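For reference, the chains in residue letters:
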Amino acid sequence: MLSTELRYFLVVAREGSLSAASAQLYVAVSAISRQIQRLETQVGTPLFQRHARGMVLTEAGEIFAHHVRKTQLDMEYALAEINGLRAMRRTLIRVACTDGLAFSLLPALIAAFRADHPATLFEVQVADAQGVAEQLRQGACDIALQFSLRAEQGVEVIGSWPAPVLLLMQQQHPLAAASAITLAQLSHYPLALPQQNTTVRQLFELASHMSGQLIEPVLTCDNFSALFNFLLQTPQAVTICSAFTVRGQTGQHQLALRSINIEQLSQRTLQLQAQSGRPRSAALTLFLAFLQQQLSAEDPALTA
């Protein structure tokens, strides 16, 4: 329901160039350029900086894009209400999360919620922490679940739970009998780690540098499923994660969670986030309350 100028503006802002927008819209570059110029004339200020490699939003363009996206979202919610989606008919909830949360926790929570609300549909988008925050700010998702080291700007934190970095290993592992493990002890075993762009790896690297114990991983991967299955196939292996990541999996696969005796590894929290000031459907309100209740439930693994 947006005007042609606004639709073209949002695509150019997202794609970063007229040629990319042209390929996305199947519209000539010249036609898109004219609409952008017309919009800038109406607004009274340039919305883009023109460069040889593309177009970047100006400060005014960033402000304008934020309000256009908000208007678009408000219209979508108005149409949803008109179509009766607030009455818990077929409602789509879009969730963004980081990889570890998509491994086991979020699918289990969605399945449990749909047992009571089968008409609710879900779309899950997996990204790194920066990508999840950006999707939420741009309105590409309704809620976000991610591990955070600090407060995110421009989002509402619905709930927050401690999520210390823990060691995951098989129950028969030599270190499984220890209540707290040092990095020196850990250096004798094959270590599987996530990529550097994850909060769990960043905290682990910080702790390693501060203690002077630099451990080279035998496997690095940005997909926790790969790390998890490597662990299952390698009796001496160890990986790192939150208890939330493997909630419900430790007993099933005979795994143990153990803490590392380093204070910095307790700085992380699991945050449930939503966009500030955005209207919520009845289904989304119920799902948020359900997530808060489930994530606040005591789990023995959290105290491992």
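Residues numbered from 1 in each chain as written. Predicted model: local features only at pLDDT ≥ 70, side-chain atom pairs only at ≥ 80, totals over all residues. Heavy atoms only, no water.

Here the focus is the packing of helix α6 (residues 105-116) against helix α11 (residues 282-296). The contact between α6 and α11 brings their axes to 11 Å, and the two run at 120°. With respect to each other, α6 and α11 are oriented oblique. Pair α6 / α11 crosses with right-handed handedness. Mapping the contact onto sequence places Leu105, Leu109, Ile110, Ala112 and Phe113 in α6 and Ala283, Leu286, Phe287, Phe290, Leu291, Gln294 and Leu295 in α11. A per-class count over the contact of α6 with α11 returns eleven nonpolar, one polar and no charged. (Axes fitted to C-alpha atoms, helices over the stretch in contact; angles between N-to-C directions. Helix = DSSP H or I, 4+ residues; strand = E, 2+ residues; numbered from the N terminus. Parallel < 35°, antiparallel > 145°, perpendicular 65-115°, else oblique. Left-handed = near helix turned anticlockwise from the far one by under 90°. Contact = heavy atoms within 4.5 Å. Nonpolar A, V, L, I, M, F, W, Y, C, P; charged D, E, K, R; others polar.)

With that out of the way, let us pick up the packing of helix α2 (residues 18-25) against helix α3 (residues 29-43). Packed helix pairs are characterised by how far apart their axes lie and by the angle those axes make with each other. One can describe the packing of α2 onto α3 by two numbers: an axis separation of 9 Å at closest approach and a directional angle of 110°. Overall, the two elements α2 and α3 adopt an arrangement that is roughly perpendicular. Remark: the crossing between α2 and α3 carries right-handed chirality. Of the residues in α3, those touching α2 at Leu18, Ser19, Ala21, Ser22 and Leu25 are Val29, Ile32 and Ser33.

Turning to the sheet that holds strand β5 (residues 143-148), a few remarks are in order. Read across the open sheet, the five strands follow the order β4-β3-β5-β13-β6; overall the sheet is mixed. Edge strands, defined here as strands with exactly one partner in the open sheet, are β4 (120-126) and β6 (155-162). On average, each strand axis in the sheet is tilted by 20° relative to the strand beside it, whichever way the strands run. With three bridges connecting them, strand β3 (residues 91-97) and β5 associate as parallel partners. When the bridges of β5 are listed, alanine 96 appears paired with alanine 144. On top of the sheet, helix α7 (residues 129-137) reaches β3, β4, β5, β6 and β13 (269-275); it is set at about 150° to β5, its chief contact. (Pairing = 2+ DSSP bridges.)

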